[in-house]
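Structural features, examined
Residues per chain are reported as follows:
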Amino acid sequence: MLTRLHLQNFTVFADADFEFSPGLNVLVGTNGTGKSHVLKVGYAMWDGVPPIDVPHERYLEPLFLVKDTSHLIRRDAEWALVSGWRSEHDGSSVHIKIPVQSKTTSVHYAGRTSRRIFIPSKEVLSFYKGFVSVYDYREIAFDSTYPDLCRRLGLPLLRQLDAQIVDVLTALETAMGGTIRIEDEEFLFIPDDSRTGLVINLYAEGLRKFGTLWQLLRNGSLTPETTLFWDEPEANLNPALLKKLAAVLAALARQGFQIILATHSLFLLKELHILSRDKQEKALPIRYFGLSAGPDGATQVDVADELPMLPTIAALDAEVQQSGEYLTLANDDDDYAD
């Protein structure tokens, strides 16, 4: 479990600290404030190896699609430092220092390895077949989270499942209207009323995200010991399905899963807040991080455990403005009709 992340002179961050909840963690902010960077750095923390100076290509370059890690240093700075800490149970930390004029990045790991999953904004089920082989032998414009996820998705299914996971899987199957399976290294969608598989490319893109989560839970890749990083889970999901996804994420967080996600969706933010206020359910551990550009251009981070307490929500400001414009136009239309 990732408990803390500290970024200094890294991309858009001059000095930013993230203290994560053991359950749901939601990053929200305008484009360019570094939400995805936080997810990727958190994901990079857990390649646990003995303390050693290693070539930087193994770590940050494939994640950020840069040829030299010095490109990740904030403008006018001479170095960047990213540090991460795990829970007391794991008892470990990671520190990566990036000098501006060096081809070797110092990476120090202390403690045991930790499991993590990254779901990028672009779904992978449709191009799963052969993707890892292509990535390993060709230069293609996909960061390393994509082959990592494909390797996890391809693991065989578990024989036995925890009872609580069965409930979550059932909710996902209901949302999808079926399940998925792999045949000849290709994902198929299996509708509830049929044993015949449908090529996954013919299945709605948004629903493939439910299938991705289902497969990771069903094959044991995603467990309470795994931190899930998810970039823009709302992509290609309508509000009705996004509501169901929010319920699944809340259920997982209540079962001890740590989830760190980045979103632009005010609907998802509000739905998670509603779920967190449900007195009939177990308390939902949730924390919100508002990212915004400061006076010097560096990203500032506001933190709150209650959504209304978050000072800056760009999505809310934009939606309020749009609502006002819409009502003005609607009133003008009514006047014209009269």
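Quick notes on the pairing of strand 15 (residues 299–304)
- Bridge count for strand 14 (residues 286–293) against strand 15 is 6 bridges, and the pairing is antiparallel. When the bridges of strand 15 are listed, A293 appears paired with T299.
- The hairpin formed by strand 14 and strand 15 contains 5 residues between the paired strands, and G297 there has a positive phi angle of roughly 90°.

Some remarks on the sheet that holds strand 12 (residues 226–231)
- Sheet architecture is open: 6 strands sit in the order 8-12-13-3-14-15, paired in mixed fashion. Edge positions in the open sheet fall to strand 8 (115–119) and strand 15, since each of these has one partner strand only. Going across the sheet, the axis of each strand differs from the next one's by a mean of 15°, ignoring polarity.
- Strand contacts of helix 7 (residues 239–254): strand 3 (24–29), strand 12 and strand 13 (258–263), with the helix running at about 150° to strand 13, the strand carrying the most contacts.

Thoughts on the environment of G84
- Mapped onto the secondary structure, G84 falls in strand 5 (residues 79–86).
- Between the C-alpha atoms of G84 and H95, which are 11 residues apart in sequence, the distance is 6.6 Å.

Examining the packing of helix 5 (residues 163–176) against helix 7
- It is at 10 Å that the axes of helix 5 and helix 7 come closest, and there the two elements cross at 170°. The angle between the axes of helix 5 and helix 7 places the two elements in the roughly antiparallel class. On the side of helix 5, the interface is formed by V168, A171, L172 and A175, while helix 7 contributes L241, K244, V248, A251 and L252.

Remarks on helix 6 (residues 205–218)
- Taking 1.5 Å of rise per residue, the 14 residues of helix 6 would be expected to cover 20 Å, and the 20 Å separating its terminal C-alpha atoms lies within 8% of that figure.
- Taking burial as the measure, the 14 residues of helix 6 include 13 buried ones, the bulk of the element.
- Two residues or fewer past helix 6, G220 is found with a positive phi of approximately 80°.

Overview of the packing of aromatic side chains
- On inspection of all chains with the given rule, the structure shows 16 aromatic pairs.
- Seen from their ring centres, Y43 and F229 are 6.2 Å apart, and the 85° between their planes marks the pair as edge-to-face. Of this pair, Y43 sits in helix 1 (residues 35–44) while F229 is found in strand 12, placing the two residues 186 residues apart along the sequence.
- Plain terms: the ring middles of F127 and F142 are 5.5 Å apart, the flat faces sit at 50° to each other, and that makes the pair tilted. Separated by 15 residues along the polypeptide, F127 in the loop between strand 8 and helix 3 (131–137) and F142 in the loop between helix 3 and helix 4 (145–153) bring together distant segments of the chain.
- The structure contains a cluster of three or more aromatic residues connected by ring pairs, namely F127, F131, Y135, F142 and Y146.
- Across from the ring centre of F64, 5.6 Å away, lies the NZ or CZ of K40, which sits over that ring.
- Just above the ring of Y43 sits the side chain of R116; from NZ or CZ to the centre is 4.0 Å.

Basis of the calculations
Residues numbered from 1 in each chain as written. Predicted model: local features only at pLDDT ≥ 70, side-chain atom pairs only at ≥ 80, totals over all residues. Heavy atoms only, no water. Pairing = 2+ DSSP bridges. Helix = DSSP H or I, 4+ residues; strand = E, 2+ residues; numbered from the N terminus. Axes fitted to C-alpha atoms, helices over the stretch in contact; angles between N-to-C directions. Contact = heavy atoms within 4.5 Å. Parallel < 35°, antiparallel > 145°, perpendicular 65-115°, else oblique. Expected span 1.5 Å × (residues − 1). Buried < 20%, exposed > 50% of the residue type's maximum accessible area, 1.4 Å probe, protein only. Phe/Tyr/Trp six-rings, centres within 6.5 Å; stacked < 30°, edge-to-face > 60°. Lys NZ or Arg CZ within 6 Å of the ring centre and 35° of its normal.

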